[in-house]
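# Commentary on secondary and tertiary structure
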Protein chains: 4
Amino acid sequence: MIPLGKTKFTTELQVRPDDIDLFRHVHSSKYLDYVLAARFDQMERCYGMSMQTFLDRGLGWVVKVSHLEYKRALGIAEKFHVTTWIEDVRGSDVEVRFDITKADTNKTACTGWCVFTLISLTSTRPEPIPDDVLAKYAV
Amino acid sequence: MIPLGKTKFTTELQVRPDDIDLFRHVHSSKYLDYVLAARFDQMERCYGMSMQTFLDRGLGWVVKVSHLEYKRALGIAEKFHVTTWIEDVRGSDVEVRFDITKADTNKTACTGWCVFTLISLTSTRPEPIPDDVLAKYAV
Amino acid sequence: MIPLGKTKFTTELQVRPDDIDLFRHVHSSKYLDYVLAARFDQMERCYGMSMQTFLDRGLGWVVKVSHLEYKRALGIAEKFHVTTWIEDVRGSDVEVRFDITKADTNKTACTGWCVFTLISLTSTRPEPIPDDVLAKYAV
Amino acid sequence: MIPLGKTKFTTELQVRPDDIDLFRHVHSSKYLDYVLAARFDQMERCYGMSMQTFLDRGLGWVVKVSHLEYKRALGIAEKFHVTTWIEDVRGSDVEVRFDITKADTNKTACTGWCVFTLISLTSTRPEPIPDDVLAKYAV
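What this report covers is the structure whose coordinates are included nearby. Quick caveat, the model's predicted, so the values are computed rather than measured.

## Quick look at the relation of the copies chain B and chain C
With an axial shift of 0.0 Å and an RMSD of 0.0 Å, the rotation relating chain B to chain C amounts to 180°. Both copies of the chain, as the preceding transformation shows, are related through a two-fold rotation axis. Minimal C-alpha distance to the rotation axis in chain B is attained by histidine 67 of chain B, lying at 2.2 Å. Both copies share a contact surface, since 100% of the interface residues of chain B are interface residues in chain C too.

## Quick notes on the pairing of strand β4 (residues 93-102) of chain B
Residue and element names in this part refer to chain B. Across 10 bridges, the pairing between strand β3 (residues 79-90) and β4 is antiparallel. Considered in β4, the bridge of aspartate 88 is made with glutamate 95. Relative to strand β5 (residues 108-120), β4 runs antiparallel, the two being bridged by 9 bridges. What sits directly across from arginine 97, in β5, is tryptophan 113. The antiparallel pairing of β4 with β5 creates a hairpin that spans 5 residues between the two strands, and asparagine 106 there sits at a positive phi of about 65°.

## Some details on the environment of serine 50 of chain A
By the secondary structure assignment, serine 50 of chain A is in the loop between α1 (30-45) and α2 (51-56). Counting along the chain gives 11 residues from serine 50 of chain A to arginine 39 of chain A, while the straight-line C-alpha distance between them is 9.4 Å. The contacts of serine 50 of chain A, once residues within four sequence positions are left out, are Met43 and Glu44 of chain A together with Ala77 of chain C.

## Points about the interface of chain B and chain C
Residue-level contacts link 15 residues of chain B with 15 residues of chain C. Secondary-structure elements contributing two or more residues to the side of chain B that touches chain C are α1 (30-45) and β2 (59-70) of chain B. Considering each element in turn, the side of chain B that touches chain C owes the most residues, 10 residues, to β2 of chain B. Relative to strand β2 (residues 59-70) of chain C, β2 of chain B runs antiparallel, the two being bridged by 5 bridges. By the bridge assignment, valine 65 of chain B is partnered in β2 of chain C with glutamate 69 of chain C.

## What about unusual backbone geometry?
Its identity is not glycine, yet lysine 6 of chain B carries a phi of approximately 55°, on the positive side. On the basis of neighbour counts, which here come to 12 C-beta atoms within 10 Å, the residue lysine 6 of chain B falls in the exposed class. Residue asparagine 106 of chain D is not a glycine yet carries a positive backbone phi of 65°. Among the structural elements, asparagine 106 of chain D can be located in the loop between β4 (93-102) and β5 (108-120). Using a count of 9 C-beta atoms within 10 Å as the deciding quantity, one classes asparagine 106 of chain D as exposed.

## A short note on the sheet that holds strand β1 (residues 9-14) of chain A
What the 10 strands build is an open sheet, ordered β1(A)-β3(A)-β4(A)-β5(A)-β2(A)-β2(D)-β5(D)-β4(D)-β3(D)-β1(D); its pairing is antiparallel. Edge strands, defined here as strands with exactly one partner in the open sheet, are β1 of chain A together with β1 (9-14) of chain D. Ignoring strand direction, the axes of neighbouring strands in this sheet form an average angle of 25°. When β1 of chain D meets strand β3 (residues 79-90) of chain D, the two strands line up antiparallel, connected through 6 bridges. From the neighbouring strand, threonine 10 of chain D faces β3 of chain D, where its bridge partner is threonine 83 of chain D.

## Here's the deal with the environment of proline 130 of chain A
Among the secondary structure elements, proline 130 of chain A is positioned in the loop between β5 (108-120) and α3 (131-137). Once the C-alpha coordinates of proline 130 of chain A and lysine 79 of chain A are considered, the two residues, 51 residues apart in sequence, prove to be 36 Å apart.

## Regarding α1 of chain B
The end-to-end C-alpha separation of α1 of chain B is 22 Å, in line with the 22 Å expected for 16 residues at 1.5 Å each. Of all 16 residues in α1 of chain B, 14 are buried, a share of seventy percent or more.

## Focus: the environment of aspartate 104 of chain D
All names here are of chain D. On the secondary structure map, aspartate 104 appears in the loop between β4 and β5. The class for aspartate 104 is exposed, based on 9 C-beta atoms found within 10 Å. When the C-alpha positions of aspartate 104 and threonine 122 are compared, they lie 44 Å apart, and in sequence the two are 18 residues distant.

## Thoughts on the interface of chain C and chain A
Counting residues at the interface gives 13 residues for chain C and 13 residues for chain A. Those elements that provide at least two residues to the side of chain C that touches chain A are α1 (30-45) and α2 (51-56) of chain C. No other element matches α1 of chain C, which puts 5 residues into the side of chain C that touches chain A. Classifying every residue of the side of chain C that touches chain A gives 7 nonpolar, 2 polar and 4 charged.

## Concerning the sheet that holds β2 of chain C
With respect to topology, 10 strands assemble into an open sheet ordered β1(B)-β3(B)-β4(B)-β5(B)-β2(B)-β2(C)-β5(C)-β4(C)-β3(C)-β1(C), the strand pairing being antiparallel. The open sheet has two free edges, formed respectively by β1 (9-14) of chain B together with β1 (9-14) of chain C, since each of these has just one partner strand. On average, adjacent strands in this sheet sit at an angle of 30° to one another, irrespective of strand direction.

Criteria and thresholds
Residues numbered from 1 in each chain as written. Chains lettered and ligands numbered in written order. Predicted model: local features only at pLDDT ≥ 70, side-chain atom pairs only at ≥ 80, totals over all residues. Least-squares fit on C-alpha atoms with pLDDT ≥ 70 in both. Contact = placed C-beta atoms within 7 Å. Pairing = 2+ DSSP bridges. Helix = DSSP H or I, 4+ residues; strand = E, 2+ residues; numbered from the N terminus. Buried ≥ 20, exposed ≤ 12 C-beta atoms within 10 Å, placed from the backbone. Axes fitted to C-alpha atoms, helices over the stretch in contact; angles between N-to-C directions. Expected span 1.5 Å × (residues − 1). Nonpolar A, V, L, I, M, F, W, Y, C, P; charged D, E, K, R; others polar.

Listed below in structure tokens is the structure:
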């Protein structure tokens, strides 16, 4: 396989009102949504292959494992950066690591990793990652 | 068309932590989600045709209009009832009215109505409501 | 009261993966979330008084009525504009109208209006809108 | 400290329409919401101290780490069980393990663990777990 460049890409996002919980902080499950939003953006903008393109090819990415460590809560309407990179590729799986940092202080809000599995939309079973995708993900 | 019976059906639900907003009340957009959850339940349990059955027949329901009047906020883990009935059927549209009431006091939390449109999943265009569905909805 | 200028303000947003429903379109309840996200942005950026400032003064805005008409579905990762303006002020209530338009075609995705009520956080009862807020909202 | 009984408690829940993603399965971040919903239920029903009681005492629980392994997707309106137990208590932290199983087949949908930290609502800093809470959690 092509060696992984592990290039880091960053997406800026902002907290929405529906993300806020009873402590007036971002609700814990929303951080994974932020990672997914950043990946969708970066798949198109940075790796050159959008989620829609995968769907059009009969492929989809599903989450196999998510691991999040919450460090500092994000607050109402706060701006933040989601940096992700591909740490490893194993069969149909891609391990993505991420850091979510506060835009104003650059301090870590949340850090962790996910394993995503490529599936066939027809069989819903894991699918080998096509070579052209591997090439794009090697950046 | 068969006259509408306008029978009211009720589903009991409970507030989830992810529904709570910065005021420690249910976030405004979640009340529509409660109506949809009750309709999915009642489509299967009360009208005898689940959302999945519609999908299997190549049909889907989409929201055309939603109108909600918020009366009393629901709180953390609160139990409540969602009562809905079909007020009118017009072409591909069904007008559903609803009342959301607090389980402990029976007071109204939210009231309103939605118009749902039946669509074909292939064309994504409005589709005449099949006669067997009209018969079920006439209860 | 100061006459209302009814100036329109616009916020650009993008669909997140957690907004997508079983039809691969934005889930109906998320459009209200988009309106609220745009209002939070515009309260700070356009009217000069953020939600946090209201909270710091012991005040909050809650939704009294929401009315949404869904015209064209937004899709995966789609960019869109939320334009809002203050149509009327009545006692503790502000009527806000909105249009959500697709960024690429400028066609309407959703249109409607909300009534927001200013409340005291301590009493949770409606509160007269302070004169300095009325002045800011008259733009 | 009192030895932990590690008693397992189970809550039955049902998938809501707003939980469904573009693959017509439950969106990945919602499984954490299901765990939190089950914990809120079990805190009140099984451990005898509701989240509201913690809030009334000036205390709150926040998520420090979440780790989820997704095994089988839950689908539209599917019923499922969330079983949780306290595996360990360390200072202000409680490690909760969970299994989410399908109601019809009893097969695992998702498994994992969370660390929750008790905080003071005034300082927002970790707070030693009071003895009466430790006693309740030792079941």
